[in-house]
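# Observations on the three-dimensional arrangement
Listed below, chain by chain, are the residues.
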Amino acid sequence: MNKKKDILIKLFLSTLYLSAFTFGGGYVIVTLMKKKFVDQYHWIEEEEMLDLIAIAQSSPGAIAVNGAIVVGYKLAGMVGAITAIVATILPPFFIISLISVFYTIFRDNVIISQMLEGMQAGVGAVIASVVYEMGSNVVRGKKVGSIIIMIGAFIATCIFEVNVIYVVIVCGVIGAIETMWNRRERKS
């Protein structure tokens, strides 16, 4: 029981910290979650983290919250999911509440405007890093099917401007078919 309590405390503090100091949306937090839960704590394997993030991305809602839910559930069941949700939601709730109180002051402040503009450049770099890391993991896995799906999804969204929802649905169906096929092969 003590071990689970320690995990819940670390989970709460980690997700609270990540949520409080991560700017730029869910894709930024993905890299930081990987570094914290895979590289630092070794609670989750890298490939499993990619699977959890895929689940978080394909679920409706904010990826940061969805990611916290799946990681929390993986580590400590329903209590872990709730712990991670609360820790992830608290910082943005307080920050947005504070900003809304002083909105007119923030809106017209040149320094804050410039800070936000500078942060956008940093967020772009972090998102590029996430794309590179996740893409290189798929390529390193040397699964031809996964590489084809990744390239096809990229072409569909970037060149043909297919709605991301359709791409996620198609990729999910392909993944489900591949899983059923692999299970059938193992039984044979």
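Here the structure is shown first, and the text comes after it.
Quantities reported herein were computed from a predicted structural model and do not represent experimental measurements.

When its secondary structure is counted, the chain shows 8 helices and 0 strands. Start at the N end of the chain and walk to the C end: the helices and strands fall as α-α-α-α-α-α-α-α. If one aligns the C-alpha atoms of the chain with their principal axes, the spans along those axes are about 65 × 50 × 25 Å. Of all intrachain contacts in the chain linking residues separated by at least 6 positions in sequence, the fraction that spans at least 24 positions is 54%. Positive and negative side-chain charges in the chain, numbering 16 and 13 respectively, have mean positions lying 8 Å apart.

You can see Thr 15 is positioned in helix α1 (residues 2–20). On the basis of relative accessibility, which here comes to 3%, the residue Thr 15 falls in the buried class. Looking at Thr 15, its side chain comes within polar contact range of the main-chain oxygen of Leu 11, at 2.7 Å. Residues in contact with Thr 15, not counting those within four places in the same chain, are Phe 37, Ala 84, Ala 87 and Thr 88.

Close contact between helix α3 (residues 46–58) and helix α4 (residues 63–101) brings their axes to 8 Å; oriented N to C, the two are set at 135 degrees. Taken together, the axes of α3 and α4 lie oblique to each other. The handedness of the crossing between α3 and α4 comes out as right-handed. Contact with α3, carried on its side by Glu 48, Met 49, Leu 52, Ile 55, Ala 56 and Gln 57, involves Ile 63, Asn 66, Gly 67, Val 70, Val 71 and Lys 74 of α4 and no other residues of that element. Residue classes in the contact of α3 with α4 are distributed as 7 nonpolar, 3 polar and 2 charged.

Moving on: the nonpolar core. Of all hydrophobic cores here, the largest spans 21 residues; its most connected members are Leu 11, Met 33, Phe 37, Ile 44, Met 49, Val 71 and Leu 75. Contributing elements (two or more residues each) for this core: α1, α2 (26–40), α3 and α4. In terms of residues, this core owes the most to one element, α4, which gives 7 residues. Setting aside chain neighbours within four positions, we find Met 49 in contact with Met 33, Lys 34, Val 38, Ile 44 and Val 71.

Attention now moves to α1. Here α1 contains 19 residues, and its C-alpha end-to-end distance of 27 Å stays within 8% of the 27 Å for a straight helix at 1.5 Å per residue. Turning to α1, its buried residues number three or more, namely Ile 7, Leu 8, Leu 11, Ser 14, Thr 15, Leu 18 and Ser 19. The buried side chains of α1 occupy one side of the element, clustering within an arc of 140 degrees when seen end-on. With respect to the buried face of α1, the exposed residues turned more than 90 degrees away are Asn 2 and Lys 5.

Attention now goes to the pattern of salt bridges. Here the structure, examined in full by the defined rule, presents 3 salt bridges. Asp 39 is the salt-bridge partner of Lys 34, the closest N and O atoms lying 3.0 Å from each other. Residue class for Asp 39 comes out partly exposed when judged on its relative accessible area of 38%. The shortest N-O distance in the salt bridge between Lys 74 and Glu 48 comes to 3.4 Å. With Lys 74 in helix α4 and Glu 48 in helix α3, the pair connects residues that are 26 residues apart, well separated along the chain. We classify Glu 48 as partly exposed; its relative accessible area is 29%. If you follow the salt bridges from partner to partner, you end up with Lys 34, Asp 39 and Glu 133 in one network.

About the cut-offs
Residues numbered from 1 in each chain as written. Predicted model: local features only at pLDDT ≥ 70, side-chain atom pairs only at ≥ 80, totals over all residues. Heavy atoms only, no water. Helix = DSSP H or I, 4+ residues; strand = E, 2+ residues; numbered from the N terminus. Contact = heavy atoms within 4.5 Å. Lys, Arg positive; Asp, Glu negative; His and termini not counted. Charge placed at Lys NZ, Arg CZ, Asp CG, Glu CD. Buried < 20%, exposed > 50% of the residue type's maximum accessible area, 1.4 Å probe, protein only. Polar contact = N/O pair within 3.5 Å; in protein donor to acceptor, adjacent residues only side chain to side chain. Axes fitted to C-alpha atoms, helices over the stretch in contact; angles between N-to-C directions. Parallel < 35°, antiparallel > 145°, perpendicular 65-115°, else oblique. Left-handed = near helix turned anticlockwise from the far one by under 90°. Nonpolar A, V, L, I, M, F, W, Y, C, P; charged D, E, K, R; others polar. Core = buried A, V, L, I, M, F, W, Y, C linked by side-chain atoms within 4.5 Å. Expected span 1.5 Å × (residues − 1). Arc of directions from axis to C-beta. Salt bridge = Lys/Arg side-chain N within 4 Å of Asp/Glu carboxyl O.

Remember that the coordinates give geometry; whether it matters functionally is a separate question.
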